[in-house]
Structure formats: C-alpha cells, structure tokens
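Now for the letters of each chain:
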Amino acid sequence: MIGFIQKVLVDIIRTEGGEEALVAIGRKAGLDEVPDYRIDRDYPDDECLRLLQATGEYFGLDEDALYRLYADHFIRESRQLFPMFYQMAGSARAFLERQPRIHTVLASGLRNEESRERVRDKFEIDQQGDDLLVTYRSPNRLCGLYEALFNRVLQEFGETGFMKILDCQKRGAEACRFCLKVEAPGE
Ligand code: HEM
C-alpha cells in the first residue's frame, strides 16, 4: 500500500492520542517502530491493515466510526497536498469519476511495475446514464473505507447522493460493485 494511506493514519493517531498512542498501536500491530511513511513508496498491505485494526481497538472505534474519522482526515490532508485534483474535478461526480486515475497517477511514481499494476487493477469506473458504476477488486476488502470516502467527498463538494452496493467481496463476490448516484445542488 502506498504510504500516503498510512501517513494519514499516523497523523490521526498523533492528533487523537499523541506519541504514546502511536507506540502502543504500533506494538499492537506487531511493529517495533512505526515507519516514517513516505507517499511515494509502497509498504506491505498487511502492515497497513494491522495498523488500521489496532487503531480502532485502541480508540474503541468500530469499523464505521474508524472509517468516518479516517475519511475526514484523508479528504482534508489530500486536499492540502494535492489541491489540483480537487480543482480539476470541480464537482463530487467528476472527482469520483477521476478517483481511479488519481490512484494510477500516484502509483506511477513507484519503481516496481508489479506494484504499479496492482494499484491500477483495484478500481474500474464506468458511466451508466447519470450513474457511475464502480468495480473494486482487492484482497484488502476496504469497501467500508470506500463508502466513508464517498460520503465525505459529497460533503466536501456540498452535494447529495448515495451508493448502492450491488456485490461485495465480503459476501463472497469476486469483486465489489457499487452504483453511485450524485446530485449537485440545483440539479
Ligand atoms: C486526492 C484524492 C485521493 C488520493 C490522493 C488517494 C490516494 C490513495 C492511495 C495512494 C492509495 C493506496 C493505493 C495502493 O497502494 O493500492 C489509496 C487507496 C484507496 N483509496 Fe484513494 N485516493 C484518493 C481518493 C479516493 C476516493 C475519493 C476514494 C473513494 C471514494 C478512494 C478510495 C480508496 C480505497 C478504498 C483505497 C484502498 C484500496 C485497497 O488497497 O484495497 N480514494 N488511495
């Protein structure tokens, strides 16, 4: 997993509980020392998943609450670090439509071709009338995180909408499929 995901998580841990929390969560996740995550490097997926789980346990947050907290920080930090992605999109729908491309752009900095492909293959997006159809295929099964980010993106652009889960890897499907409906104000 590209280090931006873990960097945001570490920032949340520091904000919510300081260095003490970071050390405790790192230990819970089996890390002697939490790395200084870089946004242009790839790190083991399972390390990231263990850190997410340990963070939820440490702060007493269930999965939904953890992802909501994460999504809020993630959107604020990504807007600060990559403002052009938000400016270029201009609306929630356009931003969501570009999300797989944003991932591919970030992965293009990775040295290893296999890692670049791994990032690229996780998401596909198609237009179907006014709707967006998302296919998400990943052993990490972070569909709950997807939903939290979807809702936070709507809020960021002052828009409304909802996502329908058509298939889910957690229910045994080969990939998750979501249908996104987004309405800009005045539509
Ligand atoms: C400027 C905006 C964004 C940036 C900079 C960004 C960046 C990233 C990066 C670097 C990763 C790690 C990729 C990997 O190593 O596989 C990632 C993963 C992910 N992102 Fe984004 N992202 C953005 C927007 C979004 C949005 C809007 C959504 C959903 C609506 C989203 C959903 C996800 C999910 C679910 C993952 C985990 C994928 C997995 O490992 O299974 N991202 N993002």
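Above this text is the structure in question.
Because the structure is a prediction, the values reported are computed rather than measured. (Residues numbered from 1 in each chain as written. Predicted model: local features only at pLDDT ≥ 70, side-chain atom pairs only at ≥ 80, totals over all residues. Heavy atoms only, no water.)

1. Concerning the packing of aromatic side chains
- Evaluated as defined, the whole model comprises 12 aromatic pairs.
- Centre to centre, the rings of Y37 and Y43 are 4.8 Å apart; their planes meet at 80°, and the pair counts as edge-to-face. For the pair shown, Y37 and Y43 are each scored as buried.
- On the numbers, 5.8 Å between centres and 25° between planes, the contact of Y70 with F74 is stacked. Placement of both Y70 and F74 in helix α3 (residues 63-81) is noted, with a separation of four residues, approximately one turn of the helix.
- Using a relative accessible area of 1% as the deciding quantity, one classes Y70 as buried. (Phe/Tyr/Trp six-rings, centres within 6.5 Å; stacked < 30°, edge-to-face > 60°. Buried < 20%, exposed > 50% of the residue type's maximum accessible area, 1.4 Å probe, protein only. Helix = DSSP H or I, 4+ residues; strand = E, 2+ residues; numbered from the N terminus.)

2. Things to note about the coordination of the iron atom of the ligand
- No protein donor other than H103 (NE2) coordinates the iron atom of the ligand, and that contact is at 2.1 Å.
- Examined against the element boundaries, H103 turns out to sit in helix α5 (residues 92-107). (Donors = N, O, S within 2.8 Å, 3.2 Å for Na, K, Ca; no water.)

3. As for the packing of helix α1 (residues 4-28) against helix α2 (residues 45-59)
- At a minimum axis separation of 10 Å, α1 and α2 run at an interaxial angle of 65°. Note that α1 runs across α2; the crossing there is left-handed. Note on element contacts: α2 touches α1 through C48, L51, L52, A54, T55, E57, Y58 and F59, opposite I5, Q6, L9, I13, E16, G17, E20, A21, A24, I25, G26 and K28.
- Tallied by class, the residues present in the contact of α1 with α2 amount to 12 nonpolar, four polar and four charged. (Axes fitted to C-alpha atoms, helices over the stretch in contact; angles between N-to-C directions. Left-handed = near helix turned anticlockwise from the far one by under 90°. Contact = heavy atoms within 4.5 Å. Nonpolar A, V, L, I, M, F, W, Y, C, P; charged D, E, K, R; others polar.)

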